[in-house]
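Architecture and fold: a report
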Amino acid sequence: MITRTLKGFVKRLIKQPAKPSIRLARDVHQIDRRLVSRHAIKVCEVLQKAGYEAYVVGGAVRDLLIGIEPTDFDVATSATPEQVRPLFRRARIIGRRFRLVHVVFGSEVIETSTFRAPAEDGSPTDDHGRILRDNVFGTHEQDAARRDLTINALYYDPITEIVVDFHQGVKDLHDRQIRMIGDPETRYREDPVRMLRAVRFAVKLRADIEPATQAPIPKLAALIENVPAARVFDEMYKLLTCGHAMDCLKALRENGLHSGLLPLLDVVLEDPEGLHFIELALERTDKRVRTGKSVSPSFLYAALLWPQVNKRWQRRFQAGEHSIPALIAAADDVLNEQGETLAIQRRISSDMREIWFMQPRFERRIPKRIFALTEQPRFRAAVDFLQMRAASDEFDSVLAQWWMDLADAPISMRKEMIDALRDTQPSHSIKRRRRPRRRKPAATPTSD
Ligand code: ATP
Ligand code: MG
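Residues numbered from 1 in each chain as written. Chains lettered and ligands numbered in written order. Predicted model: local features only at pLDDT ≥ 70, side-chain atom pairs only at ≥ 80, totals over all residues. Heavy atoms only, no water.

Of the regular secondary structure elements, the protein chain holds 23 helices and 10 strands. A total of 448 residues make up the protein chain; the buried ones form 47% of that total. The long-range share in the protein chain, meaning contacts at least 24 apart out of those at least 6 apart in sequence, stands at 67%. (Helix = DSSP H or I, 4+ residues; strand = E, 2+ residues; numbered from the N terminus. Buried < 20%, exposed > 50% of the residue type's maximum accessible area, 1.4 Å probe, protein only. Contact = heavy atoms within 4.5 Å.)

A few words on the pattern of salt bridges. When charged atoms on two side chains of opposite charge get close, those side chains can pair. Applying the stated criterion across every chain yields a total of 25 salt bridges. Arg146 serves as the salt-bridge partner of Asp143, at 3.5 Å between the closest nitrogen and oxygen. In terms of burial, Asp143 and Arg146 fall into one category: buried. Linking Arg316 and Glu321 is a salt bridge whose minimum nitrogen-to-oxygen distance equals 3.0 Å. (Salt bridge = Lys/Arg side-chain N within 4 Å of Asp/Glu carboxyl O.)

Our focus in this paragraph is the packing of helix α9 (residues 193-204) against helix α12 (residues 229-240). Where α9 meets α12, the closest approach of the two axes is 10 Å, and the angle between their N-to-C directions is 0 degrees. Here α9 is positioned roughly parallel relative to α12, judged by the angle of their axes. Between α9 and α12, the residues in contact are Val193, Leu196, Arg197 and Arg200 and Arg231, Glu235, Lys238 and Leu239, respectively. Of the residues in the contact of α9 with α12, the class split is 3 nonpolar, no polar and 5 charged. (Axes fitted to C-alpha atoms, helices over the stretch in contact; angles between N-to-C directions. Parallel < 35°, antiparallel > 145°, perpendicular 65-115°, else oblique. Nonpolar A, V, L, I, M, F, W, Y, C, P; charged D, E, K, R; others polar.)

Before going further, it helps to examine the environment of Ile418. In this structure, Ile418 sits in helix α22 (residues 411-424). Given the relative accessible area of 6%, Ile418 is considered buried. Residues within four places of Ile418 in sequence aside, it is in contact with Pro367, Ile370, Phe371 and Leu406.

This brings us to the site of ligand 1. Around ligand 1 sit 16 residues, and of these Asn152, Asp191, Arg194, Arg200 and Lys238 come closest. At 2.7 Å, a side-chain N or O of Arg200 approaches an oxygen atom of ligand 1. Here Lys238 contributes a side-chain N or O atom positioned 2.4 Å from an oxygen atom of ligand 1. In isolation ligand 1 has 580 Å² of accessible area, and contact with the protein removes 83% of it. Secondary-structure elements contributing two or more residues to the shell around ligand 1 are α4 (59-65), α9 and α12. In terms of residues, the shell around ligand 1 owes the most to one element, α9, which gives 5 residues. The residue makeup of the shell around ligand 1, split by class, is 1 nonpolar, 3 polar and 12 charged. (Near = heavy atom within 4 Å. Polar contact = N/O pair within 3.5 Å; in protein donor to acceptor, adjacent residues only side chain to side chain. Areas by Shrake-Rupley, 256 points an atom, 1.4 Å probe, with all protein chains shown as cover.)

Another aspect to go through is the side chain of Asp191. Mapped onto the secondary structure, Asp191 falls in the loop between α8 (184-190) and α9. According to the relative accessible area criterion, Asp191 is buried, its value standing at 14%. In terms of polar contacts, Asp191 uses its side chain to reach the side chain of Arg231, at 2.9 Å.

Moving on, we get to the layout of surface pockets. Of the pockets and cavities examined, the second largest pocket occupies roughly 320 Å³. Lining of the second largest pocket is provided by 13 residues; of these, Pro360, Arg361, Arg364, Ile366 and Arg369 occupy positions nearest its centre. In terms of residues, the lining of the second largest pocket owes the most to one element, helix α19 (residues 367-374), which gives 4 residues. Split by residue class, the lining of the second largest pocket holds 6 nonpolar, 1 polar and 6 charged. (1 Å grid on protein atoms, 1.4 Å probe; cavity = no way out; pocket = protein on both sides within 12 Å on 5 of 7 lines; lining within 4 Å. Points joined across faces, edges and corners; volume = space filled by probe spheres on them.)

Here we take up the sheet that holds strand β4 (residues 91-94). Taken in spatial order, the 8 strands of this open sheet run β1-β8-β7-β2-β3-β6-β5-β4, and their pairing is mixed. The open sheet has two free edges, formed respectively by β1 (22-24) and β4, since each of these has just one partner strand. This sheet shows a mean twist of 30 degrees between the axes of neighbouring strands, independent of strand direction. Summarising the sheet, β4 and strand β5 (residues 100-105) pair through 4 bridges and their orientation is antiparallel. Within the sheet, the bridge partner assigned to Arg92 lies in β5 and is His102. (Pairing = 2+ DSSP bridges.)

Mean pLDDT for the protein chain: 86, with 85% of residues reaching 70 or above. Within the model, the stretch residues 1-14 combines pLDDT values under 50 with 2 contacts to residues more than four positions away or in other chains. Under a pLDDT of 50 for its full length, residues 428-448 has, in the predicted model, 5 contacts with residues more than four places off or in other chains. (pLDDT = per-residue confidence, 0-100.)

Viewed as axis vectors pointing N to C, helix α15 (residues 272-290) and helix α16 (residues 297-318) meet at an angle of 170 degrees, and their least axial separation amounts to 10 Å. On the basis of the axis angle, α15 is roughly antiparallel to α16. Taking contact as the criterion, the partners of Glu273, Gly274, Phe277, Ile278, Ala281, Leu282, Arg284 and Thr285 in α15 are, on α16, Phe299, Leu300, Ala303, Leu304, Trp306, Pro307 and Lys311. Along the lines of polarity and charge, the residues of the contact of α15 with α16 split into 10 nonpolar, 2 polar and 3 charged.

The subject of this paragraph is helix α21 (residues 397-408). Its 12 residues place the ends of α21 16 Å apart at the C-alpha level, agreeing with the 16 Å of an ideal helix rising 1.5 Å per residue. Taken as a whole, α21 has its buried residues at Leu399, Ala400, Trp402, Trp403, Met404, Leu406 and Ala407. Packed against the buried residues of α21 are α19, α20 (379-391) and α22. Taking the backbone nitrogen of Val398 as reference, a side-chain oxygen 3.3 Å away marks Asp396 as the first, capping residue of α21. (Expected span 1.5 Å × (residues − 1).)

The side-chain alternation of strand β7 (residues 154-157) yields two buried faces, one formed by Leu154 and Tyr156 and the other by Tyr155 and Asp157. As defined by bridge partners, strand β2 (residues 54-57) adjoins β7 across 2 bridges and the pair is classed as antiparallel. Looking at the pairing, Val56 lines up with Tyr156 of β7. Here β7 runs beside strand β8 (residues 162-165); their pairing, made up of 4 bridges, is antiparallel.

This is how it looks when you write it as structure tokens:
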């Protein structure tokens, strides 16, 4: 028993030799403190005053080091969630498997997590090595070792302005190298989502995945299938909204990370007919991300799945089904297929449906119905969507522009536009009184 424990200890020691941390001063790393959220600074200050270690960590430090303004800030600390919470006015402990504290300042949330230890030998895993539980608190050094990439294991102390680096992440960032911490194959087996992350950061940072980190990916790609669908959805959403969506999808394909794993990607990358539409959708998304605008997941997924929905809709319509029921059935088919691997939350899929189902209503401008249509919550998104259909020659561009003008117009102007339409379309707008039907005489002779 003692020998086994000793063996395990020695093995761990060999596996994780104590790393000397590199500590970089401000004149070396040159992080501009003005780009750091003052709330993240506050969280670190309060924790340090209470006697704990506290750093800004992860993506924020990586981005600060290359001069990008981070989108969100995470803090890592030696304090446990129970020690963190009472130090702030608005803080709540969240997560069951992975307990951390959300410290809330108005609309900004600083995610504050306790240093964690990497998985021990003997931690519960599935048959392929995927870790099922890893919520053991650890030291600062251990916290760095359990992170995925060297460039994501950097810590910035906003008070002393020192960057702490255990895995030469600053050098890798500088050399544009994506390197997994530890043995890459083991780390991918522990959490296959790391393969998607390696690809995403390589594209986003225009970096290379270093050979040992790259090598196991094609072989292990199929392990993504074992990851809970909600996590795959989150990671895919990050990938699609990193500002380089199409390049990321191509890189996933090159690494064998798409086929069969995510039906969405099969559909997106292997259907030449729909490709133009998808490219437009992804370009639009990239542009929004790069100009700091938000991207709604429902719009994005509605666009990515549209070529499939559209194809099936047309097929059903040509087979004689009515337009609207055919569209609803097509949408159900596609969403059900996706649902098996990609957990699209119900809230998102119902917005996607609204965007899709408004499309046939743009085909005919029926004045008395237009105003109600403009009042629908997803009207603006549906009109934006229509522009992409027009740009890929699926819809008349003049008509699409009319809807865009209407969406952009203030209410009084909308009324004018609808009235103007009424004048040019008297037959649609004037309610025709139905003439009472005369019964045909039973024995009217036919005219011929
Ligand atoms: P961004 O938010 O810009 O997409 P990020 O690196 O901050 O990038 P997050 O998903 O916010 O990514 O994760 C925060 C940090 O948590 C990462 O920088 C990394 O240190 C760690 N991390 C995230 N996912 C994993 C993972 N699957 N395995 C190990 N560490 C991870
Ligand atoms: Mg982040």
